[in-house]
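Single-letter residue listing:
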Amino acid sequence: DNGLATEPPNKPPSKPAASDPASQQLKETILKYKKLLSMARQGLEDNQRHLSDKDEQIRQLQHELESSKQRNAKENAKTRGLEMNPKRIVRRVDQDGVIWVLFEWYSVETDARSPPSWREFNSYGELEDFVQCVSGEPIEIPPACLTSDETQQKINDAKAEVKKTQEEFRKYKIKSEIARKQKEAETKQALGAGLAEASRRIAGADLEAQARRGREARAQADALRQELAQQELMWRKAHDALAKE
């Protein structure tokens, strides 16, 4: 023992407590995941309902298709064995050099009708020959339905025509506006010239009136001077007569 004070032994460091910001961030993350899970569950339920609706629509369409098949079968049974003639052409489609025609058929004997059906023709002349051989009212051959490319071309042509018309209307509107402004300027100029001429006429009339009034005033002054001169002459004669007496 050398008499020197010794330092107490170091205590082991205490374990740091969890900070509040970290706990708050963890809670927010958990809430975020819960919200995402809830949204995913809701999306699954919506998809399930959508699939159920689609299944119901498919069942309805299948039922309608089956009913249509049964009706067609009944109609075919009624018209089976009867001579069927085309009533009219419902639709015509030209594709790859082949003409497909959808005919509506009827029985000459009973006037019963069968469901429309397609018939193939290799040329327009063949279609004409077939139609001309049909008894009864003449059948009109309609123009062919447009293909998707032709339809798109028609749409593009229509859009181009609309754009061209809009551009022409825009130019016409600009020209009309310019012409209107020119007319307004010409009208203002004409009105200004008319007002100036009217002002000149009015000014001339005023000067003439002033001159006339001046002449009248001078005439009145001359008459007054003559009257005063005569009066003075009479007074002078009277004065001379009195002086002689």
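Our structure's up above, just so we're on the same page.
Residues numbered from 1 in each chain as written. Predicted model: local features only at pLDDT ≥ 70, side-chain atom pairs only at ≥ 80, totals over all residues. Heavy atoms only, no water.

Participant: Residues and numbers for the sheet that holds strand β1 (residues 84-95), please.
Facilitator: Strands sit in the order β1-β2-β3 across an open sheet of 3 strands; the sheet is antiparallel. Of all strands in the sheet, those with a lone pairing partner are β1 and β3 (113-121), marking the two edges. Taking each pair of neighbouring strands and ignoring which way they run, the sheet shows an average axis angle of 20°. With 7 bridges joining them, strand β2 (residues 98-107) and β3 adopt antiparallel strand pairing. Note on β3: the bridge partner recorded for I99 is F121. On the sheet, helix α2 (residues 124-132) packs against β1, β2 and β3 and is oriented at approximately 10° with respect to β2. (Pairing = 2+ DSSP bridges. Helix = DSSP H or I, 4+ residues; strand = E, 2+ residues; numbered from the N terminus. Axes fitted to C-alpha atoms, helices over the stretch in contact; angles between N-to-C directions. Contact = heavy atoms within 4.5 Å.)

Participant: Break down the side chain of E104 for me, citing the residues and quoting the values.
Facilitator: Summarising the element assignment, E104 is placed in strand β2. The class of E104 is buried, set by a relative accessible area of 14%. When residues no more than four places from it in sequence are discounted, the contact partners of E104 are N85, P86, K87, R88, V90, R113 and P116. (Buried < 20%, exposed > 50% of the residue type's maximum accessible area, 1.4 Å probe, protein only.)

Participant: So what about a positive patch on the surface? Which residues, and what values?
Facilitator: Together, R212, R213, R215 and R218 make up a positively charged patch on the protein surface. Checked against the element boundaries, R212 lands in helix α3 (residues 148-244). A residue is classified by how much of its surface remains accessible, and R212, at 39% relative accessible area, is partly exposed. (Patch = residues over 30% accessible without salt bridge, like charges linked within 9 Å, V, L, I, M, F, W, Y side chains within 5 Å. Areas by Shrake-Rupley, 256 points an atom, 1.4 Å probe, with all protein chains shown as cover. Salt bridge = Lys/Arg side-chain N within 4 Å of Asp/Glu carboxyl O. Lys, Arg positive; Asp, Glu negative; His and termini not counted. Charge placed at Lys NZ, Arg CZ, Asp CG, Glu CD.)

Participant: Now, about the nonpolar core: what can you tell me, with residues and values included?
Facilitator: Listed in full, the 12 residues of the largest apolar core are I89, I99, V101, F103, W105, F121, L127, F130, V131, V134, I139 and I141. Secondary structure elements with two or more residues in this core: β2 and α2. With 4 residues, β2 is the single largest residue contributor to this core. (Core = buried A, V, L, I, M, F, W, Y, C linked by side-chain atoms within 4.5 Å.)

Participant: Quick one: what's the story with unusual backbone geometry, residue by residue and with numbers?
Facilitator: Backbone geometry at D96 places phi at a positive 55°, although glycine is not the residue there. Take D96: it is sitting in the loop between β1 and β2. By relative accessible area, D96 is classed as exposed at 73%.

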